[in-house]
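So the chains spell out like this:
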Amino acid sequence: MAPSREVFLNPSSLLSFCRAHLDAMLEGLRQAVEIESPTHCRPQIDRLARFMAAELRRRHGRVRLLRHPAAGAAVVGEFWGRQSSRSRPQKPLLLLGHLDTVWEVGTLARMPFRVRGGKAYGPGILDMKSGIIIGLWAIHTLRSLGLSPASSVRIFLNSDEEASSAAFRRQLLQEARRARAVLVLEPAAAGGALKTSRKGVGEFRLTVHGRAAHAGINPAAGVSAISELARQILRIESWARPDRGLTLNVGVVEGGTRSNVVAERASARIDVRISRPADQVWIERRMRGLQPIHPEARLEIDGGIHRPPLEHRRAAGLFARAKELARPLGMELEEASTGGGSDGNLAAALGIPTLDGLGGVGDGAHARDEHIVIRELPRRAALLAALLAGL
Ligand SMILES: [Zn+2]
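In this text the structure is predicted, and so the values were computed from the model without any measurement. (Residues numbered from 1 in each chain as written. Predicted model: local features only at pLDDT ≥ 70, side-chain atom pairs only at ≥ 80, totals over all residues. Heavy atoms only, no water.)

Details of the coordination of the zinc ion
So, step 1. His98 (NE2), Asp127 (OD), Glu186 (OE) and Glu186 (OE) make up the full set of protein donors to the zinc ion, lying at 1.9 to 2.7 Å.
So, step 2. One way to put it: the 4 donor atoms around the zinc ion meet at angles of 53 to 148°, and that makes the site irregular. (Donors = N, O, S within 2.8 Å, 3.2 Å for Na, K, Ca; no water. Tetrahedral: all angles 85-135°; square planar, octahedral: opposite > 155°, others 65-115°.)

In C-alpha cells form, the structure reads like this:
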C-alpha cells in the first residue's frame, strides 16, 4: 500500500543515516578502487567479485557468482526475497552495475586512491565503483532503518560492460526481463543529472582484400587494399545523419606492409551511434551491403549494433518519481541524454522501465583525473534508498 509507505518513508532520516556513515562508505569505496579490475583480467575481476559478494552478504543478501570461461565472475544478489512469494507478489527491482574498468593493472601506482578538496580520485572510482557502493549503502540504509521495499531487490554486477557485455548477456537480459524496473548505477551526468536517454552503440570492422604487387616493376598488376579502403571510408562517412542522431567514426585503420608493395590487405574499425531504434536495421543493412569499388577488390564486413538506444519513454515515468522523491532530500534532479551506451540500453530495449545515472557524481570517467564529489555520496545513497522503498 503506497500511502502507508509514504508515511513510513522519512527522507530526512535516510539522508542523516547516510551522512552519519560517510566514512564507512568512503572506506568501502577505497577498498573497491584498490582492487584493480580491468575487463578481461579474470583474477582481478574475480577478487573484486568476491569482495562485493562478501559486502552484499553482510547486508543479508543471497549472493551467487556466475562464471564464464572467457571473463571474470559476475555477481548476482537478492534482498528481501524470502517474503516476496506470499506478501509481496510484485516483480523485483533490479540494480544494475559493472565490476570492470578501463584501467590496466598497475594504474594505481601512478593514480592512487586519494582524497583532496572534497573529491576522491582513483581508477574506476566514478565509472563505476562509487555506483556499486551507493547501491550497497542504499540497501544497508533501508535494512538499518527497518524499511523494506514493496518487492524483492536484485542486483547484477556485470564483468565486461566496458567491452560490450558479451559474456553474461543472456543472464543479464534474463534478470532485466523479470524486473518491474531497472535502476542503473552508472555515473550521473554533469551536475548530478540522471540519464534518461542513451544512444545505441555499434562497432563494425571492414576488411579489404586486394592483390600485392611490386610498386615499381609491376604496379598495374596490384589491387591496392588501402586505396579501396580509403574510398569505402568516404562512402561510409556519407551515411552519417547527425540531424537524427546517427554518427559514425572510423577510429582505427590498419593496412599494408611496405611503401614499395601494393597493399594486399587493409581494415578499418567503425564506431556507430544511433538515437532511433529503426536506424539499427538501416545502418546494418548498408554496412552489410557494401560493394567493392575496384572490381577485383573483396570486402569482408562484421560487427553490428550491440546496444540498442535507451529511449526516453522507458525512463520518463521513473524519472518523474525520482524527481519527487529527491525534493525532500534537498535535490533538484535534472535529466540528461548521452551518446555513451551502458547495460541500461539492453534492459530498456526489452521494454522494461529503466533509469540510468544513479551512481556517483563527478567527472573524468576513463580519464586521468577521474573523481567523485564526496559530499554527493550520501545524497545519492539516500536517493536510491528512497527509490527502492518508494517505487
Ligand atoms: Zn560504466
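Picking up where we left off.
Section: empty space enclosed by the protein
So, step 1. If you walk through the whole model with that rule in mind, you get 1 cavity of 30 Å³ or more.
So, step 2. Every residue along the wall of the largest cavity is listed here: Val33, Ile35, Glu36, Ser37, Thr101, Trp103, Pro123 and Lys129. (1 Å grid on protein atoms, 1.4 Å probe; cavity = no way out; pocket = protein on both sides within 12 Å on 5 of 7 lines; lining within 4 Å. Points joined across faces, edges and corners; volume = space filled by probe spheres on them.)

Details of the sheet that holds strand 5 (residues 119-121)
One key point about sheets: their strands pair by backbone hydrogen bonds, in either a parallel or an antiparallel sense.
So, step 1. Here 4 strands make up an open sheet; going across it, the order is 4-5-16-15 and the pairing antiparallel. Of all strands in the sheet, those bounded by a partner on one side alone are strand 4 (114-116) and strand 15 (362-363).
So, step 2. Here 3 bridges tie strand 4 to strand 5, and the two strands are oriented antiparallel to one another. Its bridge partner being in strand 5, Arg116 is matched across the sheet by Lys119. (Pairing = 2+ DSSP bridges. Helix = DSSP H or I, 4+ residues; strand = E, 2+ residues; numbered from the N terminus.)

Quick look at the layout of surface pockets
Left-over empty space is what a probe sized like a water molecule reveals as it rolls over the atoms.
So, step 1. The volume enclosed by the largest pocket comes to roughly 530 Å³.
So, step 2. What lines the largest pocket is a set of 27 residues, among which Glu162, Val201, Arg273, Gly341 and His366 lie closest to the centre.
So, step 3. The set of elements that each furnish at least two residues to the lining of the largest pocket consists of strand 8 (194-198), strand 9 (200-209), strand 10 (247-255), strand 11 (265-274) and strand 12 (298-307).
So, step 4. Per-element tally for the lining of the largest pocket: the top contributor is strand 11, with 4 residues.
So, step 5. Grouping the amino acids of the lining of the largest pocket by side-chain chemistry returns 7 nonpolar, 9 polar and 11 charged.
So, step 6. The residue makeup of the lining of the largest pocket includes at least three contributed by each of domain 1 (6-198 + 309-390) and domain 2 (200-307). (Nonpolar A, V, L, I, M, F, W, Y, C, P; charged D, E, K, R; others polar. Domains from an automatic or database assignment.)

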